[in-house]
Amino acid sequence: DLPFDYLGVPVGANMNLKKHWKPIIKKFQSKLSLWKAKSLSFGGRLTLIKSVLGNLPIYFLSLFRAPIGVIKELEKIRRSFLWGGGEDKKKVHWVSWDKVLAAKEAGGLGVGSIQALNIGMLVKWWWRLNNESKSL
């Protein structure tokens, strides 16, 4: 019966719906408990965002185009964690999120955008399919 999960990927599901992206959103939230935000310094939170949250959704993002609502939700989770807030309380964001996402050479923190990662991964598959069709 469709849809079903195979190797953690939903097969036959409409990935344009936000409800099918709930496992990724829950993984994000589980990695970022409130006590971690309180116990880590700003540099520690930034490192955690870059290493874990930058790579956690790669498997899904390399296969499916994420809806804008999902990308906004994931960015909201990362933004809230970086500034030390939780779901119930808000903290002051001292720098705009665009500046945080910008490359270090451009004066940003080099976190990177989830949407840019998603598009880049999908373009990589498209390019590989067109130029190296025998490798797939």
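Residues numbered from 1 in each chain as written. Predicted model: local features only at pLDDT ≥ 70, side-chain atom pairs only at ≥ 80, totals over all residues. Heavy atoms only, no water.

Asks: Honestly, the pattern of salt bridges in this entry has me stumped. Any pointers?
Replies: Where charged atoms of side chains with opposite charge meet at close range, the side chains can pair. What the rule picks out here adds up to 3 salt bridges. Here E75 makes a salt bridge to R78, at a shortest N to O gap of 3.0 Å. With E75 and R78 both in helix α5 (residues 68-82) and 3 residues apart, the pair spans about one turn of that helix. For E75, a relative accessible area of 8% puts it in the buried group. We classify R78 as buried; its relative accessible area is 1%. E132 is the partner of R128 in a salt bridge, and the nearest nitrogen-oxygen pair spans 3.6 Å. (Salt bridge = Lys/Arg side-chain N within 4 Å of Asp/Glu carboxyl O. Helix = DSSP H or I, 4+ residues; strand = E, 2+ residues; numbered from the N terminus. Buried < 20%, exposed > 50% of the residue type's maximum accessible area, 1.4 Å probe, protein only.)

Asks: Would you mind showing me how to read the packing of aromatic side chains here?
Replies: Aromatic ring pairs: the centre-centre distance and the angle between the two ring planes describe each pair. Taken as a whole, this structure holds 4 aromatic pairs when the rule is applied. Centre to centre, the rings of W21 and F64 are 6.4 Å apart; their planes meet at 85°, and the pair counts as edge-to-face. Remark: F64 occurs in the loop between α4 (58-61) and α5 and W21 occurs in the loop between β2 (9-11) and α1 (22-31); sequence separation between them is 43 residues. On the basis of relative accessibility, which here comes to 18%, the residue F64 falls in the buried class. The ring of W97 carries the charged tip of R79 above its face, separated from the ring centre by 5.8 Å. (Phe/Tyr/Trp six-rings, centres within 6.5 Å; stacked < 30°, edge-to-face > 60°. Lys NZ or Arg CZ within 6 Å of the ring centre and 35° of its normal.)

Asks: How should helix α3 (residues 42-53) be read in this particular structure?
Replies: Given 3.6 residues per turn, any residue in an α-helix points the same way as the ones three and four places further on. Its 12 residues place the ends of α3 15 Å apart at the C-alpha level, agreeing with the 16 Å of an ideal helix rising 1.5 Å per residue. For α3, the full list of buried residues reads R45, L46, L48, I49 and L53. The arc enclosing the buried residues of α3, seen along the axis, measures out at 160°, which places them on a common side. (Expected span 1.5 Å × (residues − 1). Arc of directions from axis to C-beta.)

All we've got here are geometric facts, nothing functional implied.
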